[in-house]
Amino acid sequence: MITQNVDFMNEKQTKEEALGILNYLMVVGLKEEKDTINQLKENMNRRGITNDLEKDLDQLQRILNSISRFSF
């Protein structure tokens, strides 16, 4: 996993590329996915459909917290 190994990278360009991937995931990919799941959850709740999306949201939040330890 990138977040576990980025501190040990010696090659500057590779490290910068890895941090770029993490930045993209933090800013766009995972936040967008989390927002989409939240909207789905709200829409389903309004229609009276029960769902178990909390585990997905919790997992996404743990990933985001792991990535956020890097300064962008």
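Quick caveat: nothing in here was measured; it's all calculated off a predicted structure.

Thresholds applied
- Counting from 1, residues in each chain are numbered in the order their sequence is written.
- Whole-chain, interface and lining totals are the exception, using all residues; otherwise, since this is a predicted model, local features are given only for residues with pLDDT of at least 70 and side-chain atom pairs are given and counted only at 80 or more.
- Excluded from the side-chain calculations are hydrogens and water; all other atoms, namely the structure's heavy atoms, are used.
- By the criteria applied, helices consist of DSSP H or I runs no shorter than four residues and strands consist of E runs no shorter than two, each listed in order from the N terminus.
- Buried, partly exposed and exposed residues are distinguished by accessible area as a fraction of the type maximum, computed with a 1.4 Å probe on protein chains only: under 20%, between the cut-offs, and over 50%, respectively.
- Contacts were defined at the residue level, with two residues in contact if any of their heavy atoms lie within 4.5 Å.
- To be clear on the numbers: accessible area is Shrake-Rupley with a 1.4 Å probe, and residue cover counts the displayed protein chains and nothing else.
- Salt bridges are defined as contacts in which a side-chain nitrogen from Lys or Arg sits within 4 Å of a carboxyl oxygen from Asp or Glu.
- Values of pLDDT, ranging from 0 to 100, describe the predictor's confidence in every residue of the model.

Student: Explain the overall build of the chain to me, using residue names and the numbers behind them.
Tutor: Tallying secondary structure elements over the chain gives 3 helices and 0 strands in all. The N-to-C order of helical and strand elements in the chain reads α-α-α. By residue count, 19% of the 72 residues in the chain fall in the buried class. Counting contacts in the chain only where the partners sit at least 6 residues apart, residues at least 24 apart contribute 52% of the total. Counting every atom, the chain has about 5,500 Å² of accessible surface; 49% of that belongs to carbon and sulfur.

Student: An account of the pattern of salt bridges is needed here, citing residue identities and associated values.
Tutor: On inspection of all chains with the given rule, the structure shows 2 salt bridges. Glutamate 54 is the partner of lysine 41 in a salt bridge, and the nearest nitrogen-oxygen pair spans 1.9 Å. Of the two residues, lysine 41 is situated in helix α2 (residues 12–46) and glutamate 54 in helix α3 (residues 54–67); the sequence distance between them amounts to 13 residues. Linking lysine 55 and aspartate 52 is a salt bridge whose minimum nitrogen-to-oxygen distance equals 3.8 Å.

Student: How would you explain the confidence of the model for the chain if you had to name every residue and give the values?
Tutor: Looking at the chain as a whole, its pLDDT mean stands at 80, while 85% of the residues score no less than 70. Confidence scores differ between elements of the chain, with helix α1 (residues 2–5) showing the lowest mean pLDDT of 62 and α3 the highest of 85.

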